[in-house]
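Below are the chains, spelled out letter by letter.
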Amino acid sequence: MRVRIPSVPYPNQLKTLTVRVRLAPSPTGTLHIGTARTALFNWLFAQKKGGSFLLRIENTDNERSKEEYIKNIYQGLQWLGINWNESPIIQSERVNEHKSIIKKLLDKGLAYRCYATESELEEMRENQRKSGLAPRYDNRNRDLSPEQESQYLKEGRYSVIRFKINDQKLITWNDLIRGKMNWSGKDLGGDMVIARRAPSNTIGDPLYNLVVVADDSAMKITHVIRGEDHIANTAKQILLYEALGLTPPLFAHTPLILNCEGKKLSKRDGVTSINDFKNMGYTPEAMANYMTLLGWSLPEGMNERFKISEVSKVFDFERINKAGAKFDWDKLNWLNSQVIHDMSPEILLEKLEPLFKEKGWEVPNHSWGKELTELIGPSMVLLNDGVEQAMPFFEVPVLQADGKKQLEIEGAKTSLIYIFKELEQIECSLFNKNQALDLINKTVKECEVKKGLVMKSLRAALLGTLNGPDLIKSWILLSRFSSDRSRISRFI
Ligand code: GLU
């Protein structure tokens, strides 16, 4: 018997859809963590669906866009392991396309020139404020008489181009994260400017909402996944899609990243750019892992520590929270420490060597370097901790207060003198753990002191303080270049 497969109640669009998503950063600053997280969600979704993740550089703001920021955005994404599938679209290169769409809207009577001057508009807003109304454009130039318009033209007035927004219109969409969304046309601030002020026989610079619709449509974007601060823009963009006879993509608005006070994470919180995190010593693995957890809840049974390639298999919109995601430094630090602790000494050395070089420190040979990273790795949270912890192995450390106090204790100096003399009999490059332990025991016996005193005094002399990594291992590392001897001799 043949089994009838019931038809799946999907909208047509979804049945045949090859997912195409995009990140559309404005290069007016370095890659922000919010943008990077949006990139990650887009990338994860594309991976899950076997689709494409694209980049569009929204550089239409000529004054604020900079080449160096474009580079920074590319580098930041690559650092996080987020790669794109096609060469990036540079928005400014499509300006003619944008203008021809504006012209189409003008020709159809769906857009018009507005000649109101800045001071007229300011006066309008002032009056609205006085009457306790929310500021909005009052559509004053929507239905100009031909005489009025030719008067403005005669005066040589410049004009912006506005897209007509019907106040009575109800705009709805099914947001993939937030569910059914409703917007009323009257809440969109009046007819929307789609081209900047320019001489009235030209079309000025096309503006954000128009340009995004033109580009998303040209790039065949199927899902627009972006921050919830764009919700009002989505309502406007849906109207533009309709006016242009285009099918809008599906929309998903992700929650914002909040600081510990519950406010949107901003420059005032200090660290916000991916570069800042990198410079502080966070690893790309931990950052990508942490950013995925910012707003997305793990399926049951899945470990909080993961590679983004693993998450892409289970990523879905249902698990993205609607509420803002609070930034949790403790969790990020924990993830980073886990990533570092799982690194082999070799890999850790690879990561730390450039940082050592910046300090002018040269790792004498690979196996020494590996032993060093093996020694300090377990107590590192940030890669930069490695610099701090490796310092006494490259530079003679200053004696700290605790070390100074230790060396003043009776028996400390005698022990160091004894150790120094004994070391003269030992070839430094061959010094090993057994010899070190024997020498400590011998010192205890010969100098009639406690083992703890010998160990602590030695630590103070070698590393400058009573805290730090394993003493014997540190001693052996320092002995390879006889720096243990010179450090001890300082105090005898
Ligand atoms: N250029 C916009 C921004 O950086 C992106 C808007 C969008 O994703 O549509 O916020």
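Since the structure is predicted, the reported quantities are computational estimates derived from the model, not experimental observations. (Residues numbered from 1 in each chain as written. Predicted model: local features only at pLDDT ≥ 70, side-chain atom pairs only at ≥ 80, totals over all residues. Heavy atoms only, no water.)

Colleague: How would you sum up unusual backbone geometry? Please name residues and give values.
Modeller: The phi dihedral of Asn 139 is positive, around 60°, even though this residue is not glycine. You can see Asn 139 is positioned in the loop between helix H5 (118-130) and helix H6 (146-154). Among the residues examined, Asn 139 registers a relative accessible area of 16% and is labelled buried. Although it is not a glycine, Glu 448 adopts a positive phi angle of roughly 55°. On the secondary structure map, Glu 448 appears in the loop between helix H18 (433-447) and helix H19 (451-463). (Helix = DSSP H or I, 4+ residues; strand = E, 2+ residues; numbered from the N terminus. Buried < 20%, exposed > 50% of the residue type's maximum accessible area, 1.4 Å probe, protein only.)

Colleague: Explain the side chain of Asn 259 residue by residue, including any values.
Modeller: Inspection of the secondary structure puts Asn 259 in the loop between strand S11 (257-258) and helix H9 (274-280). If near-sequence neighbours (up to four positions away) are discounted, Asn 259 is found in contact with Lys 264, Leu 265, Asp 269 and Lys 326. (Contact = heavy atoms within 4.5 Å.)

Colleague: Tell me about the pattern of salt bridges, and please be specific about residues and values.
Modeller: By the definition in use, this model includes 27 salt bridges. Across the pair Glu 228 and Arg 178 runs a salt bridge whose closest N-O atoms are separated by 3.1 Å. With Glu 228 in the loop between strand S9 (223-227) and helix H8 (231-243) and Arg 178 in the loop between strand S6 (170-175) and strand S7 (179-184), this pair connects stretches of sequence that are 50 residues apart. For Arg 178, a relative accessible area of 23% gives the class partly exposed. For Lys 442, the salt bridge goes to Glu 422, with nearest N and O atoms at 3.0 Å. Of the two residues, Lys 442 is situated in helix H18 and Glu 422 in helix H17 (residues 412-423); the sequence distance between them amounts to 20 residues. Each of the salt bridges in this network shares a partner with another, and the network as a whole consists of Arg 22, Arg 56, Glu 58, Arg 94, Asp 215 and Asp 216. (Salt bridge = Lys/Arg side-chain N within 4 Å of Asp/Glu carboxyl O.)

Colleague: Please set out the sheet that holds strand S8 (residues 192-199) residue by residue, giving values where relevant.
Modeller: Spatial strand order, S4-S5-S8: three strands in an open sheet with antiparallel pairing. If you trace the sheet from one side to the other, it starts and ends with strand S4 (111-114) and S8, each paired once. For this sheet, the mean inter-axis angle between neighbouring strands, taken without regard to orientation, is 25°. Judged from the five bridges that link them, strand S5 (residues 158-163) and S8 form a sheet pairing that is antiparallel. Note on S8: the bridge partner recorded for Arg 162 is Val 193. Docked against the sheet, helix H4 (residues 95-107) engages S4, S5 and S8, running at close to 95° with respect to S4. (Pairing = 2+ DSSP bridges. Axes fitted to C-alpha atoms, helices over the stretch in contact; angles between N-to-C directions.)

Colleague: Can you break down the site of the ligand residue by residue, with the values?
Modeller: All residues in the neighbourhood of the ligand are listed as Arg 22, Ala 24, Ser 26, Glu 58, Tyr 208, Arg 226 and His 230. Arg 22 has a polar side-chain atom sitting 2.7 Å from an oxygen atom of the ligand. Between the ligand and Ser 26 there is a distance of 2.9 Å, counted from a nitrogen atom to a side-chain nitrogen or oxygen. Notes on the ligand: free accessible area 300 Å², of which the protein chains cover 79%. At a threshold of 2 Å from the grid points, most atoms of the ligand map onto the largest pocket. Classifying every residue of the shell around the ligand by side-chain character gives two nonpolar, two polar and three charged. (Near = heavy atom within 4 Å. Polar contact = N/O pair within 3.5 Å; in protein donor to acceptor, adjacent residues only side chain to side chain. Areas by Shrake-Rupley, 256 points an atom, 1.4 Å probe, with all protein chains shown as cover. 1 Å grid on protein atoms, 1.4 Å probe; cavity = no way out; pocket = protein on both sides within 12 Å on 5 of 7 lines; lining within 4 Å. Sits in = over half its atoms within 2 Å of the grid points. Nonpolar A, V, L, I, M, F, W, Y, C, P; charged D, E, K, R; others polar.)

Colleague: Describe the nonpolar core, listing the residues and the values that go with them.
Modeller: Ile 33, Phe 327, Leu 458 and Trp 475 are the most contacted members of the largest nonpolar core, which has 93 residues in total. Ranked by residues supplied to this core, first place goes to helix H2 (residues 33-49) with nine residues. (Core = buried A, V, L, I, M, F, W, Y, C linked by side-chain atoms within 4.5 Å.)

Colleague: Pulling in residues and values, what's your account of the sheet that holds strand S1 (residues 20-23)?
Modeller: Read from one edge of the open sheet, three strands run S1-S2-S3, paired in parallel fashion. Because the sheet does not close on itself, it has two edges, and the strands there are S1 and strand S3 (89-90). Packed on one face of the sheet, helix H3 (residues 67-80) meets S1, strand S2 (52-57) and S3 and runs near 160° to S2.

Colleague: Run through the packing of H4 against helix H7 (residues 208-218), naming residues and quoting values.
Modeller: Two quantities define a packed helix pair, namely the angle between the axes and the distance from one axis to the other. Two numbers describe how H4 lies on H7: the axes approach to 10 Å, and their chain directions differ by 110°. Considering the angle they form, H4 stands roughly perpendicular to H7. Residues His 98, Ile 101, Ile 102 and Leu 105 of H4 form the contact with H7, whose participating residues are Leu 210, Val 211, Ala 214 and Asp 215. Grouping the amino acids of the contact of H4 with H7 by side-chain chemistry returns six nonpolar, one polar and one charged. (Parallel < 35°, antiparallel > 145°, perpendicular 65-115°, else oblique.)

Colleague: Which residues make up the side chain of His 98, and what are the values?
Modeller: Residue position: His 98 is located in helix H4. Residue His 98 is classed as buried on the basis of its relative accessible area, which comes to 0%. Once residues within four sequence positions are removed from consideration, His 98 is found in contact with Gln 91, Pro 206, Leu 210, Val 211, Ala 214 and Asp 215.

Colleague: With reference to specific residues and values, describe the environment of Leu 478.
Modeller: Its location among the elements puts Leu 478 in helix H20 (residues 471-479). When residues no more than four places from it in sequence are discounted, the contact partners of Leu 478 are Pro 392, Phe 393, Leu 462, Leu 463, Ser 483, Asp 484 and Arg 487.

Colleague: Just give me the short version of the packing of H2 against helix H10 (residues 284-293), but keep the residues and values in it.
Modeller: Contact geometry of H2 with H10 gives a least axis separation of 9 Å together with a crossing angle of 80°. By the angle between their axes, H2 is roughly perpendicular relative to H10. Seen from H2, the contacting residues are Ile 33, Ala 36, Arg 37, Leu 40, Phe 41 and Leu 44; seen from H10, they are Met 287, Ala 288, Met 291 and Thr 292. Split by residue class, the contact of H2 with H10 holds eight nonpolar, one polar and one charged.

Colleague: Break down the layout of surface pockets for me, citing the residues and quoting the values.
Modeller: Estimated volume of the largest pocket: approximately 1200 Å³. Considering the residues around the largest pocket, the lining is formed by 43 residues, among which Ala 24, Pro 25, Ser 26, Thr 35 and His 230 are closest to the centre. For the lining of the largest pocket, the secondary-structure elements that each account for two or more residues are S1, H2, H7 and S9. Among the residues making up the lining of the largest pocket, the classes are represented as 15 nonpolar, 17 polar and 11 charged. (Points joined across faces, edges and corners; volume = space filled by probe spheres on them.)

Colleague: Tell me about H3, and please be specific about residues and values.
Modeller: With 14 residues, H3 should cover 20 Å at 1.5 Å per step; its first-to-last C-alpha distance of 20 Å lies within 8% of that length. Residues of H3 that are buried include every one of Tyr 69, Ile 70, Asn 72, Ile 73, Gly 76, Leu 77 and Leu 80, and no others. On an axial view of H3, the arc spanned by its buried residues comes to 160°, and they lie on one face. Residues of H3 that are exposed and point more than 90 degrees away from the buried face comprise Glu 67, Glu 68 and Lys 71. For H3, the elements touching its buried residues are S1, H2, S2, H9, H10 and helix H11 (308-311). The positive-phi residue at the C-terminal boundary of H3 is Gly 81, with phi of around 85°. (Expected span 1.5 Å × (residues − 1). Arc of directions from axis to C-beta.)

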